[in-house]
Amino acid sequence: DTAVSQTPKYLVTQMGNDKSIKCEQNLGHDTMYWYKQDSKKFLKIMFSYNNKELIINETVPNRFSPKSPDKAHLNLHINSLELGDSAVYFCASSQAPEAYEQYFGPGTRLTVT
Amino acid sequence: SQKIEQNSEALNIQEGKTATLTCNYTNYSPAYLQWYRQDPGRGPVFLLLIRENEKEKRKERLKVTFDTTLKQSLFHITASQPADSATYLCALDPTSGGSYIPTFGRGTSLIVHP
């Protein structure tokens with residue numbers, strides 16, 4: 001059974017388009033995250049939700065909007081895509097916001113042309 | 001400014017030797033530190049967590065040390081195997097405004113040669 005799943009795995013789209021990435025975890029965790037990993041492999045947190053409430057919102061353009069319909073799901077919607085948005089986006093979950101290991105999804109490779 | 005530094009150069013070692021990876025940080029006071037493994041095309045996988053009041057943590061062939069005075073963590077893999085080849089990331093959880101912000105280093109690539 002996949003603990004943290006993301007769809008799609010690959011996403012190729014043109015500048016200006018709007019796209020969504022979906023994430024689901026079946027671990028019963030309370031906290032979920034979105035990370036961006038750029039071409040230099042730097043993994044940077046974007047958002048975190050705990051029990052469907054936003055608790056971390058790092059310096060991310062407001063074109064990025066997370067939505068957590070329930071504890072098991074955290075989706076990422078991106079408006080007006082730009083070339084610089086090209087990266088791998090990882091979803092993760094943990095039992096609680098602090099001092100707990102995170103379980104990562106397989107990643108979504110977004111390419112904006 | 002706050003920094004987490006891991007050696008950007010790949011570490012090449014022979015099978016059977018001990019690999020030692022370093023994570024240094026500045027301007028953080030983390031309560032704990034985590035190590036993850038990342039294989040190409042995959043998400044990071046949690047390996048070990050060590051708290052500030054722990055000097056050392058072990059799990060099978062893995063050992064992590066945490067020196068809050070030196071602001072450094074060392075990650076050791078004993079009897080290394082080619083299957084240990086991967087990128088290893090350290091992560092801190094500094095608190096900012098009451099929220100824990102997981103912050104990762106860029107990772108060090110380990111290559112174990114048979």
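Keep in mind it's a predicted model, so treat the numbers as computed, not measured. (Residues numbered from 1 in each chain as written. Chains lettered and ligands numbered in written order. Predicted model: local features only at pLDDT ≥ 70, side-chain atom pairs only at ≥ 80, totals over all residues. Heavy atoms only, no water.)

Undergrad: Can you tell me about the interface of chain A and chain B, naming the residues and giving the values?
TA: The interface of chain A with chain B comprises 22 residues on the first partner and 19 residues on the second. Buried area between chain A and chain B, both sides added, is near 1600 Å², and the carbon and sulfur share of it is 57%. The tally of links from chain A across to chain B stands at zero salt bridges. Counting across the chain A and chain B interface gives three residue pairs in polar contact (both at pLDDT 80 or more). Taken together, the elements giving at least two residues each to the side of chain A that touches chain B come down to strand 4 (31–37), strand 5 (43–50) and strand 6 (53–57) of chain A. When residues in the side of chain A that touches chain B are grouped by element, the largest group, three residues, is from strand 4 of chain A. (Contact = heavy atoms within 4.5 Å. Buried area = accessible area lost by both parts, 1.4 Å probe. Salt bridge = Lys/Arg side-chain N within 4 Å of Asp/Glu carboxyl O. Polar contact = N/O pair within 3.5 Å; in protein donor to acceptor, adjacent residues only side chain to side chain. Helix = DSSP H or I, 4+ residues; strand = E, 2+ residues; numbered from the N terminus.)

Undergrad: Break down a positive patch on the surface for me, citing the residues and quoting the values.
TA: Where like charges cluster on the molecular surface, the positive patch consists of Lys 9, Lys 41 and Arg 109 of chain A together with Arg 42 of chain B. On the secondary structure map, Arg 109 of chain A appears in strand 11 (residues 108–112). Looking at Arg 109 of chain A, the relative accessible area reads 43%, which means it is partly exposed. (Patch = residues over 30% accessible without salt bridge, like charges linked within 9 Å, V, L, I, M, F, W, Y side chains within 5 Å. Areas by Shrake-Rupley, 256 points an atom, 1.4 Å probe, with all protein chains shown as cover. Lys, Arg positive; Asp, Glu negative; His and termini not counted. Charge placed at Lys NZ, Arg CZ, Asp CG, Glu CD. Buried < 20%, exposed > 50% of the residue type's maximum accessible area, 1.4 Å probe, protein only.)

Undergrad: Go over the side chain of Gln 38 of chain B with me, naming the residues and quoting the values.
TA: Turning to its location among the elements, Gln 38 of chain B is positioned in strand 4 (residues 32–38). For Gln 38 of chain B, a relative accessible area of 9% puts it in the buried group. Within the structure, Gln 38 of chain B has its side chain in polar contact with the side chain of Gln 37 of chain A (distance 3.0 Å). Separated by 2.8 Å, the side chain of Gln 38 of chain B and the backbone oxygen of Arg 42 of chain B make a polar contact. Once you skip the residues sitting within four places of it in the chain, Gln 38 of chain B turns out to touch Gln 37 and Phe 90 of chain A together with Gly 43, Pro 44, Ala 86, Thr 87 and Leu 89 of chain B.

Undergrad: Go over the sheet that holds strand 8 (residues 73–78) of chain A with me, naming the residues and quoting the values.
TA: Residues and elements named next belong to chain A. Across the sheet, which stays open at both edges, the four strands sit in the order 1-3-8-7 with antiparallel pairing between neighbours. The strands lining the two open edges of the sheet, one partner per strand, are strand 1 (4–7) and strand 7 (64–70). Within this sheet the neighbouring strands show an average axis-to-axis angle of 20°, counted without direction. With four bridges joining them, strand 1 and strand 3 (residues 19–25) adopt antiparallel strand pairing. (Pairing = 2+ DSSP bridges. Axes fitted to C-alpha atoms, helices over the stretch in contact; angles between N-to-C directions.)

Undergrad: Tell me what's going on with the environment of Arg 37 of chain B, and back it up with residues and numbers.
TA: Residue and element names in this part refer to chain B. Note on placement: Arg 37 falls in strand 4. For Arg 37, a relative accessible area of 17% puts it in the buried group. Separated by 50 residues in the primary sequence, Arg 37 and Thr 87 place their C-alpha atoms 5.8 Å from one another. The residues contacting Arg 37, other than those within four sequence positions of it, are Gly 43, Pro 44, Val 45, Leu 47, Ala 83, Asp 84, Ser 85, Ala 86, Thr 87 and Tyr 88. A distance of 2.7 Å separates the side chain of Arg 37 from the backbone oxygen of Ala 83, its partner in a polar contact.

Undergrad: Which residues make up the nonpolar core, and what are the values?
TA: Formed by 23 residues in total, the largest nonpolar core has its most connected members in Leu 33, Trp 35, Phe 75, Ile 77, Tyr 88 and Leu 110 of chain B. The set of elements that each furnish at least two residues to this core consists of strand 3 (19–26), strand 4, strand 5 (45–51), strand 7 (62–67), strand 8 (72–77), strand 9 (86–92) and strand 13 (108–113) of chain B. Ignoring any residue separated from it by four or fewer positions in sequence, one finds Leu 110 of chain B in contact with Leu 11, Ile 13, Ala 19, Ile 77, Asp 84, Ser 85, Ala 86 and Tyr 88 of chain B. The next biggest cluster of nonpolar side chains, apart from the first, holds 20 residues, and it includes Leu 11, Val 60, Leu 76 and Ile 78 of chain A. (Core = buried A, V, L, I, M, F, W, Y, C linked by side-chain atoms within 4.5 Å.)

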